[in-house]
Amino acid sequence: MAAPNLKRKASNTFSAVQDTYLSTKDIYERHKVVFTMATSVGSILTAWAGLLFGVAIGASKGPVHRGRPSDAASDGTCKSRVEIFGYQCEEHKVTTQDGYILSLQRIPVGRSGGSPSGGPPVLLQHGVLMDGITWLLNAPDESLAFILADNGYDVWIANTRGTKWSRGHVSLSTNDSAYWDWSWDELMAYDLPATLAYVHDQTAQKIHYVGHSLGTLIALASFSKLQLLDIVRSAALLSPIAYLEDVSSPIAQAAAKSFAAETYYWLGIYEFDPNGAAVNKLLKELCSQPGIDCYDLMTAFTGENCCLNSSTVDVFLQYEPQSTSTKNMIHLAQTMYDYGDDDDNRRHYGQPTPPAYDLSSIPDDLPMFFGYGGSDALSVPEDVELLLGNLKSHQADKLVVQYRDDYAHADFVMAVNALEVVYDPLMAFFKLQ
């Protein structure tokens, strides 16, 4: 359904978004195409999770600033973040059923070298507005991708569509609005199956899966539909996102009130670029509101991460955050994207309403590892416990739950002590499967 009379270009600034919002509010109320008011407030906040997670790290304990350094590496993940530490690295490409060409990095052996020994394959899947460098931000003895490789695993790092190294398509350019016509439902339906199938074809083994944040949501949705289970050996879900009733982040709440993602969509801004002028302006507007401390923006958004260091922040700022589609941000707010028309829903879902994902249908014998933190303002304990309640019939020896009271959202992928706290228990879990 085309957006009525909103095709003209608006300047890519938050002030333009604000000016347009009031004039389009009645359209939202009549059509409900890109937003449903039945959604919980907590779900709305998810639309801002990746955006402000990425921006917040750069502003932690300092004033707001944006933009990647001009000397940021542009020669691929292997050269910029893997080979410089003495690891072998392979660049792979996989094409999805709907034509997106995705980048995939492989670390086949540890730093000690040698020929690949056919170790168990592990696929690492990042969250929204991030890319595969999520798993490579720290030193080798603190980053999960390197730690797994040094412990004999065959490591594969995914990069979802729209991120820096996964912007190819068999027929579309990123300048085409059609390129950005997707949300996390397509990530679940196309990117995840294509990537896992490729790794399975290359290794002839079932795969351990590790997801963070949005990477957990697409896996849970897939498993609830009984998909991919024939090639997945186990799943480790860090800071899992499934229910968002109790998100406590004050800056996420302020972002939700702005209603900006929906307005962007109606204005024809289909790529949601966190490095662009619109989001930069939005952040400044949010930071001007009472109760938002942008000198400790990361804590205000993700919760108080216990164990990050400044060198990790510096590396992060060279590479992140990454683009996603505006539609994806809206879909995250809705949990399931409603096209607002029975025929459109049938074309996308095969039924007149968006399908529900019944997490209780996940097989009881699927080995699963959950890691969550008491200080996480996004994947908050109450919501994770609601998720775990759907798995109450899971076989006891197939379910490991790790709770760390002082961990917040970023600690699970960036903490300097994550080896002892998260990754050693995770590898012990893998060895049992």
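Above this text is the structure in question.
Report on the accompanying structure. (Residues numbered from 1 in each chain as written. Predicted model: local features only at pLDDT ≥ 70, side-chain atom pairs only at ≥ 80, totals over all residues. Heavy atoms only, no water.)

### Some thoughts on empty space enclosed by the protein
Working step 1: Inspection of the entire model under this criterion finds seven cavities of 30 Å³ or more.
Working step 2: Size it by volume and the largest cavity reaches roughly 100 Å³.
Working step 3: Forming the walls of the largest cavity are 17 residues, and the residues nearest its centre are Gly 127, Val 128, Thr 160, Leu 187 and Leu 214.
Working step 4: Of the residues forming the lining of the largest cavity, the biggest block, three residues, is contributed by helix 7 (residues 214-224). (1 Å grid on protein atoms, 1.4 Å probe; cavity = no way out; pocket = protein on both sides within 12 Å on 5 of 7 lines; lining within 4 Å. Points joined across faces, edges and corners; volume = space filled by probe spheres on them. Helix = DSSP H or I, 4+ residues; strand = E, 2+ residues; numbered from the N terminus.)

### Some words on the side chain of Asp 154
Working step 1: The topology assignment puts Asp 154 in strand 4 (residues 154-158).
Working step 2: A relative accessible area of 4% places Asp 154 in the buried class.
Working step 3: Not counting residues up to four positions away in its chain, the partners in contact with Asp 154 are Arg 106, Ile 107, Pro 108, Gly 119, Pro 120, Pro 121, Val 122 and Thr 203. (Buried < 20%, exposed > 50% of the residue type's maximum accessible area, 1.4 Å probe, protein only. Contact = heavy atoms within 4.5 Å.)

### Focus: helix 6 (residues 184-203)
Working step 1: For helix 6, which comprises 20 residues, the first-to-last C-alpha distance of 27 Å matches the rise-based estimate of 28 Å (1.5 Å per residue) to within 8%.
Working step 2: At Asp 191, helix 6 shows its largest kink, close to 30 degrees, and the proline Pro 193 lies no more than four residues downstream.
Working step 3: Note on helix 6: the residue one or two positions beyond its end, Ala 204, has a positive phi of about 55 degrees. (Expected span 1.5 Å × (residues − 1). Bend = angle between axes of the 7 residues up to and from the residue.)

### Some thoughts on the side chain of His 409
Working step 1: Mapped onto the fold, His 409 is located in the loop between strand 11 (399-404) and helix 16 (411-414).
Working step 2: Residue His 409 is classed as buried on the basis of its relative accessible area, which comes to 2%.
Working step 3: Within the structure, His 409 has its side chain in polar contact with the side chain of Ser 213 (distance 3.0 Å). (Polar contact = N/O pair within 3.5 Å; in protein donor to acceptor, adjacent residues only side chain to side chain.)

### Digging into the nonpolar core
Working step 1: The biggest cluster of nonpolar side chains holds 48 residues, and the ones touching the most others in it are Leu 123, Trp 184, Leu 196, Tyr 209, Leu 237, Ile 362 and Met 368.
Working step 2: Sorting elements by how many residues they give to this core places helix 6 first, with eight residues.
Working step 3: Ranked by size, the runner-up nonpolar core spans 44 residues in total, among them Val 122, Val 210, Val 315 and Met 414. (Core = buried A, V, L, I, M, F, W, Y, C linked by side-chain atoms within 4.5 Å.)

### Focus: the environment of Val 421
Working step 1: Tracing the backbone shows Val 421 in helix 17 (residues 418-431).
Working step 2: Along the chain, Val 421 and Arg 404 lie 17 residues apart, while their C-alpha atoms are 8.1 Å from each other.
Working step 3: Beyond its immediate chain neighbours, meaning those up to four positions away, Val 421 contacts Gln 402, Arg 404 and Tyr 407.

### Topic: the packing of aromatic side chains
What describes a pair of aromatic rings is the distance from one ring centre to the other and the angle between the planes of the rings.
Working step 1: Tallied over the entire structure, the rule returns twelve aromatic pairs.
Working step 2: Centroid distance Tyr 179 to Trp 180: 4.8 Å. Interplanar angle 75 degrees. Geometry classified as edge-to-face.
Working step 3: It is Arg 161 that lies over the ring of Tyr 100; its NZ or CZ is 3.8 Å from the centre. (Phe/Tyr/Trp six-rings, centres within 6.5 Å; stacked < 30°, edge-to-face > 60°. Lys NZ or Arg CZ within 6 Å of the ring centre and 35° of its normal.)

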